[in-house]
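Given next are the chains, with one letter for each unit.
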Amino acid sequence: MKVNKAEIVISAVAEAQYPGDNLPEVVLLGRSNVGKSTFVNTLIERRSLARTSQQPGKTQTMNFYQINDLFRFVDMPGYGYAKASKSERDKWGKMIEKYLRQRENVVMIFQLIDSRHEPSEDDFLMYEWLTYYELNPVIIGTKADKISRTNQKKSMNQIAKTLNLKNSREVILFSSETKLGKEESWKLIESVLK
Ligand code: GDP
């Protein structure tokens, strides 16, 4: 997709702030630092529309990025956020669960997992929860440029094994550096926007 217009609509901290229209929403889920903002910036070819973790003071918000006035990316607060207090984590957990289960705009969910490591307990629990509610996510293995070709294959197998996927080809390896997985991700998004 050629992106002519990309803007942040709202960084929401409460449900009342979610956009009130019915534009489709493509959701990004994953641990803090896994590469959610970078995934958005790479797809839309903007260096820094989505705020990346390297910028200090990145707060936990639900960021709605509107693309070509056609759909939105929704960058969720990272789960397993070490610096957040327990009450803050509980609040976000409930808000994310409610959003995912009730928001009618949601057309696709990308769950991002760091391809360099075995999926964490949090990754596994998130995936289990999503599939239990039939919110089947597309699995993206991020930072693929940081591992060798041989290890890329191993990583896909490892992710598939840990999450009990039927097939390791269900994992899309992604890199902001080499753009691996960019076209494939766009194809999936375009397929649900039609
Ligand atoms: P978020 O917290 O999930 O939004 O993660 P960010 O998008 O902020 O990424 C966290 C860090 O990982 C940043 O320093 C990014 O530059 C880096 N990063 C993200 N994706 C990639 C990638 O595909 N390749 C490399 N080499 N670094 C990446």
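So, a few notes on the structure that sits alongside this text. (Residues numbered from 1 in each chain as written. Predicted model: local features only at pLDDT ≥ 70, side-chain atom pairs only at ≥ 80, totals over all residues.)

Comments concerning the overall build of the protein
Link 1 in the chain: A count of helices and strands for the protein gives five helices and seven strands.
Link 2 in the chain: If you list the helices and strands of the protein from N to C, you get β-β-α-β-β-α-β-α-β-α-β-α.
Link 3 in the chain: Taken against the 2.2 N^0.38 rule, which gives 16 Å for 194 residues, the C-alpha radius of gyration of the protein at 16 Å falls within 12% of a compact globule.
Link 4 in the chain: Considering the protein as a whole, with its 194 residues, one finds that 32% of them fall into the buried category.
Link 5 in the chain: Taking contacts inside the protein between residues at least 6 apart in sequence as the whole, the part at least 24 apart equals 70%. (Helix = DSSP H or I, 4+ residues; strand = E, 2+ residues; numbered from the N terminus. Rg over C-alpha atoms; globule rule 2.2 N^0.38 Å. Buried ≥ 20, exposed ≤ 12 C-beta atoms within 10 Å, placed from the backbone. Contact = placed C-beta atoms within 7 Å.)

Some words on the sheet that holds strand 5 (residues 106–114)
Link 1 in the chain: Taken in spatial order, the seven strands line up as 1-3-4-2-5-6-7 in an open sheet, and their pairing is mixed. Among the strands making up the open sheet, the edge pair consists of strand 1 (6–12) and strand 7 (171–173). Each strand axis lies, on average, 25 degrees off the axis of its neighbour in the sheet, ignoring direction.
Link 2 in the chain: Here five bridges tie strand 5 to strand 6 (residues 138–142), and the two strands are oriented parallel to one another. When the sheet's bridge partners are listed, F110 is paired in strand 6 with V138. (Pairing = 2+ DSSP bridges. Axes fitted to C-alpha atoms, helices over the stretch in contact; angles between N-to-C directions.)

Brief notes about the pairing of strand 6
Link 1 in the chain: The buried count for strand 6 comes to four of five residues, which makes it a mostly enclosed element.
Link 2 in the chain: Handedness of the crossover is the feature at issue here: the chain leaves strand 5, passes through helix 3 (residues 121–132), returns alongside strand 6, and the resulting connection is right-handed.
Link 3 in the chain: Note that strand 6 and strand 7 share three bridges and pair parallel. Across the sheet, the residue bridging to I139 is V171, located in strand 7.
Link 4 in the chain: Since strand 6 and strand 7 lie parallel, the crossover through helix 4 (residues 149–163) that links them has a hand, and here it is right-handed. (Right-handed = clockwise from strand over helix to strand, strands pointing away.)

Let's talk about the nonpolar core
Link 1 in the chain: L28, V40, F110 and L112 are the most contacted members of the largest nonpolar core, which has 35 residues in total.
Link 2 in the chain: With residues near it in sequence (within four places) discarded, L112 still touches L28, L29, G30, V34, G35, K36, F39, I140 and T142. (Core = buried A, V, L, I, M, F, W, Y, C linked by C-beta atoms within 7 Å.)

Considering unusual backbone geometry
Link 1 in the chain: Not every positive phi belongs to a glycine, and K143 is a case in point at roughly 60 degrees.
Link 2 in the chain: Relative to the assigned elements, K143 resides in the loop between strand 6 and helix 4.
Link 3 in the chain: Phi at N164 takes a positive value of approximately 60 degrees, unusual for a residue other than glycine.
Link 4 in the chain: With respect to the helices and strands, N164 occurs in the loop between helix 4 and strand 7.

Section: helix 4
Link 1 in the chain: In this model helix 4 runs 21 Å from its N-terminal to its C-terminal C-alpha over 15 residues, within 8% of the 21 Å that 1.5 Å per residue would give.
Link 2 in the chain: Turning to helix 4, its buried residues number three or more, namely S155, M156, I159 and L163. When helix 4 is viewed along its axis, its buried side chains cluster within an angular range of 100 degrees and face the same direction. Within helix 4, the exposed residues directed more than 90 degrees away from the buried face are T150 and K161.
Link 3 in the chain: Lining the buried residues of helix 4 we find strand 5, helix 3, strand 6 and strand 7.
Link 4 in the chain: In the segment just after helix 4, N164 is the residue with positive phi, at about 60 degrees. (Expected span 1.5 Å × (residues − 1). Arc of directions from axis to C-beta.)

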